Amino acid sequence: MSAEPAAMTVLHVDDDEDFIALTAELLGRQSDRITVISATEASEALDLLEREDVDCVVSDYEMSETDGLELLAAVRERHGELPFILFTGRGSEEIASEAISVGVTDYLRKGGGSDQFALLANRIENAVEQARSRVSYWAVFENTDVGLTVRDVETGTVVDVNQEYCDMLGYDRETLSDSTLDELTADVPGYDAERGIELLERAIAEPEFSFEWPDRRSDGTTCWVELDATLVEIEGRERSLVTVTDVHERHEREAALATLHQVATQIQGCETVESACERTIDAAESILDFEMCSILVAEDGWLVPKALSAGAPDDGARRMRPDQGLAGETYQTGESTLLTDVLADDTSEPAKASYRSGISVPVGESGVFQAVATEVDAFSQEDLELAELLVSHTARALDRLRFEGELRRQNERLEEFASVVSHDLRNPLTVAQGNLELLADEYDSEHLDHVREALDRMANITEDTLRLARRGDAVEETSPVDLAAFADRCWNVVHTDEATLTVTDSPTVSADRTRLQHVFENLFRNSIDHATPADGTTVAITVGALPGGFYVEDDGVGIPEDEQCRVFDPGHTTTEEGTGFGLAIVEEFATAHGWTVHVTEGSDGGARFVFTGVEILD
C-alpha cells in the first residue's frame, strides 16, 4: 500500500480579504492536501512564518504596505529557498523578469475563473514537492559521514562538495568549487583527467564498479580515495553524484605488501648474513617508514647487532645476552611484541633512555628484529604484522645461509678426511702390498694369500671411502646417456664370471657419466658377489626402463624384506669380503642426481633396484 501524499501549509498574502477567503475555498476544493493560512500585510506574513511551519508562500504583487517583491526579498533573507509564488492581478514582463531575478519560485496571473486556481494548486504542489526533495537531498549530502561531490557529467569538474570531502583533503568549499579533475589529481603516473572521466562514466554505467584515485591534499600530498558514481538530476540538470571514501591507509598497506614481496627475492639472494640483514633494514626504512631499527643475530652465545638503520644513533643497538631484555625474551619465546610504552614494561632494557615505544620480532631461530621510537604508542598492530612479513623472508635467508655454511664446513671436513685417506692410508697400503709381493717371491705360504686378500679389501674400502667423500655433492652438469650402450660398457669393465646382462629398453637419460658408471658397476658387482646361489647357478641381470626412471634387477637369492631398508647404510655387508660401501655409493650418487632409489623384490625373485625422478630425454 502506497503512503498518503503529505499535507502542505500555504501562506496566502493579499490585502484583499475577500480574495483571500475565495482563494482558500477554491484551493481546498482543488486539493485536499493544501491548508491555507493568510495575512493581509507583509509584517503579519513574516510573523506567521516565524511561528508556523509553512511550506509555500503565495503573494500578491501590489499591496498597500509593500509589494510582493519586497516580501520575497525578506523571505529569501530569513527562510532561504522556501517556495514563493507570485500570484498577481497586475502582470507585466518587467515584473516577471524582476521576480525571477530575485528568486521567485513561480509566477502566475490572477483571473481565468476556477481553472486558474486549479493551475495554482498544481504549481503549489510541484513547488513544495521539489523543495522537500531538495531539502532531503541536501540534508543527506551534508550529514553523511563519507565524502560526496557533485560533478559535471562531461568534464568531471566539481559543482558542489560536502564538508566531509573538504575535511578529507583540507580545502574549504569555495576552493573546491569549480575545480577540475586535473587540479584535484595528485602527480601519480597513469592518472589524468581523461582517464578519470572514463572511469567515472564506467562507474555510472556499472553500479557495482568503483575505482581508486589519487586526490591531491591541500598540502600537496597524495590521498588515495575510492570513488563510485551515480547519475542524478539536481535542479533540472544531470549530474554525477560521486561518493568518495578515504582508502589511503589500505592503499599504502597493499603497496607496501607488493613491495615487500619484491624485496623478498633480493633478501633471499643475499650471500652473507650481513647483507641479508642490511637489506632488511633498508626495506624497513624505505617501505615501512621505521626510522630507527636494527637486527641482532645469535652468534657465539650473544645477540650481536648486524645491521642498524641510518636514522638510529650509532650506539642505538648493543650486544646482549640471549636472555636479556625484550630482545632476549623475543629470541627465546619466538613471539612478537608490540610495546606501546617502554616505561610501563619491566622486561625492556632499551639501548637508549629516549626510546619510549617499539616492536620486537623474532627472525626465525637466528635473531631478533626491533624498531623503536622516541614517542609513546608510535607503532600499530599493522606495523607489527608488516614487520613480521618482512622478517619472515629474512629468517628464511638466514636459515639458508646457516645451512649452506654448515654444508660447506662439512664438505671441508670431508675433503680433509679424503686427503688423510688418500695420503696417510694409500701410501702405507701400497708399501705393504709391494713388500707382500717381494715376500711371496721368497716364501710359498697360504698365509700370504690371506694377507693379500686383507690388503685388497683395505684397498677397496679406501677407494670406496674416497669416492663417497669426493663425489657425493650434487650433480651440476649432465649429458645425454644411452642407457643400453652405457650399461653394456660398464658390464665389460666388471669381472662377471658366467653372469649375463640383458637390457630390455634403450632410453636416453640425463646423467653425470662418471657417477652413473659407478652406480652400474657397483650394482653389477653386488649381484655377482651376493646374489649368486650357493649351488653356483649363473645369475642373470636385467636393466630396463620405467616411467620417469629405470631399474637394475637380478634373478638371484634376493634380499630379505627386513634388510631391504638397511642395504644402503654405509658399512652394511653380509659377507666378510664386502666393504659395505658399494650400495651406499649407489644411493649417494642417485641422490646427487636428484633421483630416489629403493630396493624391492625382482620379477624372478631376486633383488630389483628402482630409480625414479630421472630425466628421460626420449
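Residues numbered from 1 in each chain as written. Predicted model: local features only at pLDDT ≥ 70, side-chain atom pairs only at ≥ 80, totals over all residues. Heavy atoms only, no water.

A. Looking closely at the overall build of the protein chain. Counting secondary structure elements, the protein chain contains 17 helices and 22 strands. In the protein chain, which comprises 618 residues, the proportion classed as buried is 42%. Surface accessibility of the protein chain: about 32500 Å² in total, with carbon and sulfur atoms responsible for 46%. (Helix = DSSP H or I, 4+ residues; strand = E, 2+ residues; numbered from the N terminus. Buried < 20%, exposed > 50% of the residue type's maximum accessible area, 1.4 Å probe, protein only. Areas by Shrake-Rupley, 256 points an atom, 1.4 Å probe, with all protein chains shown as cover.)

B. Quick peek at the packing of aromatic side chains. Per the stated rule, a full pass over the model turns up 17 aromatic pairs. On the numbers, 5.4 Å between centres and 80 degrees between planes, the contact of Y191 with W224 is edge-to-face. Separated by 33 residues along the polypeptide, Y191 in the loop between α8 (181-184) and α9 (193-205) and W224 in strand β9 (residues 222-234) bring together distant segments of the chain. Ring geometry for F520 versus F524: centroids 5.8 Å apart, planes at 20 degrees, classification stacked. Highlighted residues: F520 and F524, both in helix α16 (residues 513-530), separated by 4 residues, approximately one helical turn. (Phe/Tyr/Trp six-rings, centres within 6.5 Å; stacked < 30°, edge-to-face > 60°.)

C. Looking closely at α9. In this model, α9 (13 residues) spans 18 Å end to end at C-alpha, consistent with the 18 Å of a helix rising 1.5 Å per residue. Looking only at α9, the buried set comprises A193, G196, I197, L199, L200 and A203. End-on, the buried residues of α9 take up no more than an arc of 165 degrees, which puts them together on one face. Away from the buried face of α9 by more than 90 degrees, exposed residues E194 and A205 are located. Against β6 (147-152), α8, β8 (211-216), β9 and β10 (237-246) lie the buried residues of α9. (Expected span 1.5 Å × (residues − 1). Arc of directions from axis to C-beta. Contact = heavy atoms within 4.5 Å.)

D. How the structure looks around the packing of helix α10 (residues 248-268) against helix α11 (residues 273-286). For the pair α10 and α11, interaxial distance at closest approach is 9 Å and the crossing angle is 160 degrees. One element, α10, and the other, α11, form an angle in the roughly antiparallel class. With respect to the hand of their crossing, α10 and α11 are arranged in right-handed fashion. Here V263, Q266 and I267 of α10 come into contact with α11, specifically with A276, R279, T280 and A283. Split by residue class, the contact of α10 with α11 holds 4 nonpolar, 2 polar and 1 charged. (Axes fitted to C-alpha atoms, helices over the stretch in contact; angles between N-to-C directions. Parallel < 35°, antiparallel > 145°, perpendicular 65-115°, else oblique. Left-handed = near helix turned anticlockwise from the far one by under 90°. Nonpolar A, V, L, I, M, F, W, Y, C, P; charged D, E, K, R; others polar.)

E. Fine view of the environment of Q268. Its location among the elements puts Q268 in helix α10. What makes Q268 partly exposed here is its relative accessible area of 26%. Between the C-alpha atoms of Q268 and T394, which are 126 residues apart in sequence, the distance is 7.3 Å. Among all residues touching Q268, those that are not within four sequence positions of it are H393, R396, A397 and R400. A polar contact is formed between the side chain of Q268 and the backbone oxygen of H393, at a distance of 3.2 Å. (Polar contact = N/O pair within 3.5 Å; in protein donor to acceptor, adjacent residues only side chain to side chain.)

F. Local environment of the sheet that holds strand β3 (residues 56-59). On the basis of which strands lie adjacent, the open sheet formed by 5 strands has the order β2-β1-β3-β4-β5 and parallel pairing. The two strands at the open ends of the sheet, each matched to only one other strand, are β2 (34-39) and β5 (106-109). Ignoring which end each strand starts from, the neighbouring axes of this sheet average 25 degrees apart. Across 3 bridges, β3 lies against strand β4 (residues 84-88) in parallel orientation. Residue pairing in the sheet places V58 in a bridge with I85 of β4. Each of β1 (8-13), β2 and β4 touches helix α1 (residues 17-30); the most contacted strand, β2, lies at about 175 degrees to it. This element, helix α2 (residues 42-51), spans β1, β2 and β3 of the sheet and lies at about 135 degrees to β2. (Pairing = 2+ DSSP bridges.)

G. Local environment of unusual backbone geometry. Even without being a glycine, D289 presents a positive backbone phi close to 60 degrees. Positive phi, close to 55 degrees, is recorded for D300, a residue that is not glycine. In this structure, D300 sits in the loop between β11 (292-299) and β12 (302-308).

H. Geometry of the nonpolar core. Core analysis: the largest hydrophobic core is formed by 36 residues, its most contacted members being L516, F520, F524, F550 and F611. Counting residues per element, the ones that place at least two in this core are α15 (483-493), β18 (508-511), α16, β19 (540-546), β20 (549-554), α17 (582-593), β21 (596-601) and β22 (607-612). C270, C293, A373 and L386 belong to the second largest nonpolar core, which has 33 residues in total. (Core = buried A, V, L, I, M, F, W, Y, C linked by side-chain atoms within 4.5 Å.)

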